[in-house]
Amino acid sequence: MNIRSLTRGDGVVIGAAVLLLIASFLDIYSIEGAPDSADIPTLWGSGPVVLGVVLAGVIGAALVVVSHAMPQPRKVAGLDLGQFGIAFTVFAAWCALGNIFDPAGAFDNDGGLDSVSAGIGLILALVATLVMAAAAVATPLLPALKGTLIPAARPAAPQPYGGQPQGGYGYPGAQQQPYGGQPGQPGQPGPSFGGQPQPGQPGQPQPGQPQAPQQAQAQPAGDFSPFWFAVPVPRPLFAEDGSPTPIAELAPGTWYLAVEQRGANLVAQTQDGRRGVLQDTSGIQRG
């Protein structure tokens, strides 16, 4: 479970659930002419309100948030948990609306309880469930709610491709060779991206020496250079051979390395060293 994959819409759902819990401890009724010392029950004093509004809303919010925090959505009866959560939140808002119109239920059918109206607890519960249901439904549709709730922290310092990031990225501790370079002796710097030798390295022409014809580079020279990036929402990573089946999923809150650009797509490398094509590069955050 990755909390960095939660969206701003999930934050709204969580806030509405907290407001619903607070409202459940407030008065369910407002009785005209009742003294301030009157003992008016809370929302927990009504079974239909507890089951149809409070518990349904909290369970729905939990299902929505958990479904977005999981790397792979869990399905029940062909529907994922997020869809069940949205249904619960809408049901809770519908029940809260009914209790606002008729807080006393069947007891006021004879007209003897006209002085009873919805209390502050029911009113806040209606507001909370309406906000919760609206956020749960609108999050997949509105880009403003799709943004990451907890933004990814930027790397402490730029790292060359093949270098070990300082914490968080998850590469094994073994030393890696720079991309496009040849293995060398321990302690010797390797060539940078693209195989270009640096001044002072073996193979670099010295002043006064004739320059040999340049060898074909291991990587075509171009404007692209590897960079770290993070995705705003979970994105599938496809195989480089064009297979339609994703080989991994990039999660928000984790830095990945782009090693190549193919048109509008990026070739990215995951924490375990797998490479694949990221087809949706919209909204990525560069390190």
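None of these values were measured; they are calculated from a predicted model.

Asks: Just to check I follow, could you spell out the overall build of the chain for this structure?
Replies: Secondary structure summary: the chain contains 5 helices and 11 strands in total. Looking at the 287 residues of the chain, the share that counts as buried comes to 35%. Restricting the contact set of the chain to residue pairs at least 6 apart, pairs at least 24 apart contribute 63%. Accessible area of the chain: about 16,300 Å², with a carbon and sulfur share of 60%.

Asks: Which parts of the structure should I look at to understand helix α1 (residues 8-23)?
Replies: Between the first and last C-alpha of α1 there are 23 Å, a value that for 16 residues agrees with the 22 Å anticipated at 1.5 Å per step. Those residues of α1 that fall on the buried side of the exposure criterion are Gly 9, Asp 10, Val 13, Ala 16, Ala 17, Leu 20 and Ala 23. Along the axis of α1, the buried residues cluster in a sector spanning 135°; they form a single face. Those residues of α1 that are buried lie in contact with α2 (47-69), α4 (120-138) and α5 (143-146).

Asks: Would you mind showing me how to read the nonpolar core here?
Replies: One broad rule of soluble globular proteins: the nonpolar side chains tend to lie buried together. Counting residues in each nonpolar core, the largest one holds 25 residues, and the members touching the most others are Val 13, Leu 20, Leu 43, Val 49, Val 53, Ala 125 and Met 132. Elements that contribute at least two residues to this core include exactly α1, α2, α3 (81-101) and α4. Contact partners of Val 13, with chain neighbours within four places excluded, come to Ala 61, Val 65, Met 132, Ala 135 and Ala 136. In this structure, Phe 229, Leu 237, Ala 248 and Leu 250 belong to the second largest nonpolar core, which totals 12 residues.

Asks: Got a minute to help me understand the pattern of salt bridges in this structure?
Replies: When charged atoms on two side chains of opposite charge get close, those side chains can pair. Scanning the model with the defined rule gives 5 salt bridges in all. Across the pair Asp 280 and Arg 235 runs a salt bridge, and its minimum N-O distance is 3.3 Å. Here the residue Asp 280 occupies a position in the loop between β10 (275-278) and β11 (285-286), and Arg 235 occupies one in strand β6 (residues 235-238), the gap between them amounting to 45 residues. Taking the relative accessible area as the measure of exposure, Asp 280 reaches 36% and is therefore partly exposed. Judged by relative accessible area, which is 6%, Arg 235 ranks as buried. Note that Arg 262 and Glu 260 form a salt bridge whose closest N and O atoms lie 3.3 Å from each other. Owing to a relative accessible area of 33%, Arg 262 belongs among the partly exposed residues under this scheme. Within the structure, one salt-bridge network assembled from shared partners comprises Glu 240, Glu 260, Arg 262 and Arg 275.

Asks: Whenever I open this one, the packing of aromatic side chains confuses me. Can you help?
Replies: Think of a pair of aromatic rings as described by two things: how far the centres are apart, and how the planes are tilted against each other in angle. The tally for this structure, following the rule as stated, stands at 3 aromatic pairs. Among the aromatic residues, those joined into a cluster by ring pairs are Phe 227, Phe 229 and Tyr 256. Here the guanidinium or amino end of Arg 286 rests over the ring plane of Phe 227, the centre of that ring lying 3.7 Å away.

Asks: Any chance you could explain the side chain of Ser 67 here in plain terms?
Replies: If you trace the backbone, Ser 67 turns up in helix α2. Ignoring any residue separated from it by four or fewer positions in sequence, one finds Ser 67 in contact with Leu 81 and Gly 82.

Asks: It is not clear to me how the packing of α1 against α2 should be interpreted in this structure. Could you clarify?
Replies: Helix-helix packing is characterised by the crossing angle of the two axes and by the distance between the axes. Viewed as axis vectors pointing N to C, α1 and α2 meet at an angle of 155°, and their least axial separation amounts to 10 Å. In terms of orientation, α1 and α2 fall into the roughly antiparallel class. Helix-helix and strand crossings are classified by hand; for α1 and α2 the assignment is left-handed. Only Val 53, Val 54, Gly 57, Val 58, Ala 61, Val 64, Val 65 and His 68 of α2 make contact with α1, whose side of the interface consists of Asp 10, Val 13, Ile 14, Ala 17, Leu 20 and Leu 21. Classifying every residue of the contact of α1 with α2 gives 11 nonpolar, 2 polar and 1 charged.

Asks: I'm lost on α2 in this one. Help?
Replies: Structurally, the α-helix is built with 3.6 residues per turn, so residues lying three or four positions apart point the same way. Relative to the 33 Å expected for 23 residues at 1.5 Å per residue, α2 spans 31 Å between its end C-alpha atoms, a close match to the ideal helical length. Residue Ala 56 marks the point of greatest curvature in α2, where the axis turns by about 35°.

Asks: Just checking my understanding: could you explain the packing of α2 against α4 for this structure?
Replies: Where α2 contacts α4, the axes come no closer than 11 Å and their chain directions differ by 30°. Here α2 is positioned roughly parallel relative to α4, judged by the angle of their axes. Viewed along their axes, α2 and α4 form a crossing whose handedness is left-handed. Packed against α2, whose contacting residues are Val 49, Val 53, Gly 57, Ala 61 and Val 64, the element α4 presents Leu 122, Ala 125, Thr 129, Met 132 and Ala 136 at the interface. Considering only residue class, the contact of α2 with α4 consists of 8 nonpolar, 2 polar and no charged.

Calculation criteria
Residues numbered from 1 in each chain as written. Predicted model: local features only at pLDDT ≥ 70, side-chain atom pairs only at ≥ 80, totals over all residues. Heavy atoms only, no water. Helix = DSSP H or I, 4+ residues; strand = E, 2+ residues; numbered from the N terminus. Buried < 20%, exposed > 50% of the residue type's maximum accessible area, 1.4 Å probe, protein only. Contact = heavy atoms within 4.5 Å. Areas by Shrake-Rupley, 256 points an atom, 1.4 Å probe, with all protein chains shown as cover. Expected span 1.5 Å × (residues − 1). Arc of directions from axis to C-beta. Core = buried A, V, L, I, M, F, W, Y, C linked by side-chain atoms within 4.5 Å. Salt bridge = Lys/Arg side-chain N within 4 Å of Asp/Glu carboxyl O. Phe/Tyr/Trp six-rings, centres within 6.5 Å; stacked < 30°, edge-to-face > 60°. Lys NZ or Arg CZ within 6 Å of the ring centre and 35° of its normal. Axes fitted to C-alpha atoms, helices over the stretch in contact; angles between N-to-C directions. Parallel < 35°, antiparallel > 145°, perpendicular 65-115°, else oblique. Left-handed = near helix turned anticlockwise from the far one by under 90°. Nonpolar A, V, L, I, M, F, W, Y, C, P; charged D, E, K, R; others polar. Bend = angle between axes of the 7 residues up to and from the residue.

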